[in-house]
Amino acid sequence: MSTRRDLPEAPYLAAASGLTSSRIPVWFMRQAGRSLPEYRALRAQNTMMEACFDAELICEITLQPIRRHGVDAAILFSDIVVPLRAAGVDLDIVAAVGPVIANPVRTEADVAVLKSLELARIDAVSDAVRLLVGELGDVPLIGFAGAPFTLASYLVEGGPSKLHERTKAMMLAQPATWHALMEVLTDLTIAFLKVQLDAGVDAVQVFDSWAGTLSLADYRTFVLPHSSRVFAGVADYGVPMTHFGVGTAELLGAMAEATGRRPKTVVGVDWRTSLADAATRVGAGTALQGNLDPVVLLAGWPVTEKAARAVVDDGRRALGAGASGHIFNLGHGVSPTTDPGLLTDLVELVHSL
Ligand code: 1CP
C-alpha cells in the first residue's frame, strides 16, 4: 500500500468524511469526456481503448475538466470495462454506443472461462494515477470501478441495454451460474480498485449504474452480498467510498447497507429522489452525492440556476435529516451535448452558496 496524500482542507474529502467543509464541494460524473471540445480533439486521434491504456492520455483527459471548471475533485479517466479488457475479455468501446462484448456470457461454460481470468497489473492506470497525484495539487483524485451487477449486465447482454432482460433472466433462472459470475466480477472489481488505491487515489466510487432495474428483493438476494464484498475488500484503505446507481430510490437503504455504513461512506442519488428523502432512506451518518438532473443543463442557465439552488437547499434539509455531508453532483453523467460553459458557471454558483 502506498502512502496517500494528506489533504485535510479538500472540501470533497471533508464532506465525504462527515467533516465540515469550507464550501459545498462539486464535481460532475462524466466531467471528462464528450462535452469538452479539447476531449473530442484528443479522441479524434485515438480510440477510446487506446486512450484508456495510455498513461499520458489518461492523465491529460482527467485534468481537462479540472483546468476548465475548477471542480473539487478529479475522476480518473478510464471505463468500467477496462479491467475486463485487461483480463483478456474481447470487447471494445464503440463510439456513440458504449461497451460491446464479442462473446457474451450466457451459460455456465461461459462463466467457467471467465473464472480463469486474473487482473494482472494495469501499468497505464497505475502510472496515470501516480502522474495525476503529482499534477493535481490539492484536488483529490477519485478512482472507480463498475459494481458486479452493472459489469454483468454488459457481459450478459453483449452491450448497452435498456431492460437488461437476458441479465435478469439468467439471474432468476440460473442462480448458481449467476452467483458464480458475480463472484468472478467481484474479485475483478476489488482488484481494479486496489490497482488505483495502491497507486494513490484519494477516494473511490463504485458505479452500479443499472441496479435500479431490480426490485429491492432481487437486489438483496442477487446483488447486495457481492457489492458488500467489494466495499469490505477495500475498506482497509480508509478512504471515502461512494456507492452510486440510477433509479435506485427503493434501493438506497440497501445500497447504504452494502457500503457497510463505515465512516466516510457516500451514497449517490439521482434526480428522482429528493436528497432529504434519501437521507432518511440511507440512514443517519452517511453523506449524499447528487442530484441535479443532467437534462436541466440543456434548458439553459436561468433554469439551471434555479434548479441548482433547489438542490443546495435540499442538501441542507438532508443534513438536517441526518446526512453527514452533501457533495453537489448531477444525478447521472454529463450529457455529451451540454454547453461546457454552463458547467463552469454551475461550479461558480454552487461555490458561492
Ligand atoms: O469523467 C469521466 O468521464 C470519467 C471517466 C468515465 C467513467 C467514470 C468514463 C469514460 N466511463 C465511466 C464509467 C462508466 N462507463 C459507467 C458508469 C457511470 C455511468 O453510469 O455513467 C458506465 C455505465 C460505463 C459504460 C459506458 N462506457 C457507456 C454507457 C453505455 C450505456 O450502457 O449506455 C459509454 C457511452 C461508455 C464510453 C465512455 N466511457 C467514458 C467516456 C468518456 C465514454 C465515451 C467515449 C467516446 O466515445 O469518446
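Residues numbered from 1 in each chain as written. Predicted model: local features only at pLDDT ≥ 70, side-chain atom pairs only at ≥ 80, totals over all residues. Heavy atoms only, no water.

Caption draft 1: Region of the structure containing the site of the ligand. Inspection of the region around the ligand gives 26 residues, with Ala32, Tyr39, Tyr154, Ser209 and His332 positioned closest. Contact between the ligand and Tyr39: an oxygen atom at 2.6 Å from a side-chain N or O atom of the residue. At 2.4 Å, a side-chain N or O of Tyr154 approaches an oxygen atom of the ligand. Looking at the shell around the ligand, the elements that each hand over two or more residues are helix H2 (37-43) and strand S3 (98-101). Split by residue class, the shell around the ligand holds 16 nonpolar, six polar and four charged. (Near = heavy atom within 4 Å. Polar contact = N/O pair within 3.5 Å; in protein donor to acceptor, adjacent residues only side chain to side chain. Helix = DSSP H or I, 4+ residues; strand = E, 2+ residues; numbered from the N terminus. Nonpolar A, V, L, I, M, F, W, Y, C, P; charged D, E, K, R; others polar.)

Caption draft 2: Fine view of the environment of Leu13. Its place among the elements puts Leu13 in helix H1 (residues 11-16). When the C-alpha atoms of Leu13 and Ile80 are compared, they prove to be 23 Å apart, with 67 residues separating the residues in sequence. Beyond its immediate chain neighbours, meaning those up to four positions away, Leu13 contacts Leu7, Pro140, Asp202, Ala203 and Pro240. (Contact = heavy atoms within 4.5 Å.)

Caption draft 3: Expanded view of the pattern of salt bridges. Inspection of the entire model under this criterion finds 14 salt bridges. With a closest N to O distance of 3.5 Å, Glu250 and Arg281 form a salt bridge. Remark: Arg281 occurs in helix H14 (residues 275-282) and Glu250 occurs in the loop between strand S6 (241-244) and helix H13 (252-258); sequence separation between them is 31 residues. Asp277 is the salt-bridge partner of Arg281, the closest N and O atoms lying 3.8 Å from each other. Of the two residues, Arg281 and Asp277 both sit in helix H14, four residues apart, roughly one turn of that helix. The network of salt bridges with shared partners includes Glu183, Asp187 and Arg229. (Salt bridge = Lys/Arg side-chain N within 4 Å of Asp/Glu carboxyl O.)

Caption draft 4: Broad picture of the sheet that holds S6. Strand order across the open sheet formed by seven strands is S1-S4-S5-S6-S7-S8-S9, with parallel pairing between neighbours. The sheet terminates laterally at strand S1 (74-75) and strand S9 (326-330), the two strands that pair on one side only. In terms of strand pairing, strand S8 (residues 287-292) meets S9 through five bridges, oriented parallel. Note that in S9 the partner of Asn291 across the bridge is Asn329. Sheet strands in contact with helix H12 (residues 224-234) are strand S5 (203-207) and S6, and its direction is about 165° off that of S6. (Pairing = 2+ DSSP bridges. Axes fitted to C-alpha atoms, helices over the stretch in contact; angles between N-to-C directions.)

Caption draft 5: Structural view of the packing of H14 against helix H15 (residues 301-320). Where H14 contacts H15, the two axes come as close as 7 Å, and the packing angle between them is 30°. Compared by their axis directions, H14 and H15 come out roughly parallel. As H14 packs across H15, the resulting crossing turns out to be right-handed. Of H15, the residues touching H14 (which contributes Leu275, Ala276 and Ala279) are Val311, Asp314, Gly315, Arg317 and Ala318. Across the contact of H14 with H15, the residue classes tally to five nonpolar, one polar and two charged. (Parallel < 35°, antiparallel > 145°, perpendicular 65-115°, else oblique. Left-handed = near helix turned anticlockwise from the far one by under 90°.)

Caption draft 6: Structural context of helix H16 (residues 340-352). End to end, H16 covers 19 Å across 13 residues, agreeing with the expected 18 Å (1.5 Å per residue, within 8%). Those residues of H16 that fall on the buried side of the exposure criterion are Pro340, Leu342, Leu343, Leu346, Val347, Leu349 and Val350. One face of H16 carries all of its buried residues, which in axial projection span an arc of 165°. Exposed residues lying more than 90 degrees from the buried face of H16 are Glu348 and Ser352. Next to the buried residues of H16 lie H2, helix H4 (55-69), S8, H15 and S9. (Expected span 1.5 Å × (residues − 1). Buried < 20%, exposed > 50% of the residue type's maximum accessible area, 1.4 Å probe, protein only. Arc of directions from axis to C-beta.)

Caption draft 7: Main features of the nonpolar core. Membership of the largest hydrophobic core comes to 133 residues, with the highest contact counts inside it found for Leu181, Tyr219, Leu288 and Phe328. When residues no more than four places from it in sequence are discounted, the contact partners of Leu181 are Val105, Val111, Leu114, Ala152, Leu155, Val156 and Met170. (Core = buried A, V, L, I, M, F, W, Y, C linked by side-chain atoms within 4.5 Å.)

Caption draft 8: Main features of the pairing of S9. Of all five residues making up S9, five are buried, and the element is well covered by its neighbours. Across the two faces of S9 the burial is the same, with His326, Phe328 and Leu330 and Ile327 and Asn329 all buried. A crossover connection joins S8 to the parallel S9 through H15; in handedness this β-α-β unit is right-handed. (Right-handed = clockwise from strand over helix to strand, strands pointing away.)

Caption draft 9: Quick peek at the pairing of S3. Relative to S3, strand S2 (residues 91-94) runs antiparallel, the two sharing four bridges. Its bridge partner being in S3, Ile93 is matched across the sheet by Pro99. Where S2 folds back on S3, the antiparallel hairpin that results is connected by three residues, among which Ala96 adopts a positive phi of roughly 65°.

Caption draft 10: Region of the structure containing the packing of aromatic side chains. Taken as a whole, this structure holds four aromatic pairs when the rule is applied. Taken together, a centroid distance of 5.5 Å and an interplanar angle of 90° make the contact between Phe144 and Phe207 edge-to-face. Note that Phe144 is positioned in strand S4 (residues 141-146) and Phe207 in strand S5, a separation of 63 residues in sequence. The same class applies to Phe144 and to Phe207, which are both buried. Taken together, the ring pairs connect Phe144, Phe207 and Phe244 into an aromatic cluster. (Phe/Tyr/Trp six-rings, centres within 6.5 Å; stacked < 30°, edge-to-face > 60°.)

Shape is all these values report; function is a separate question.
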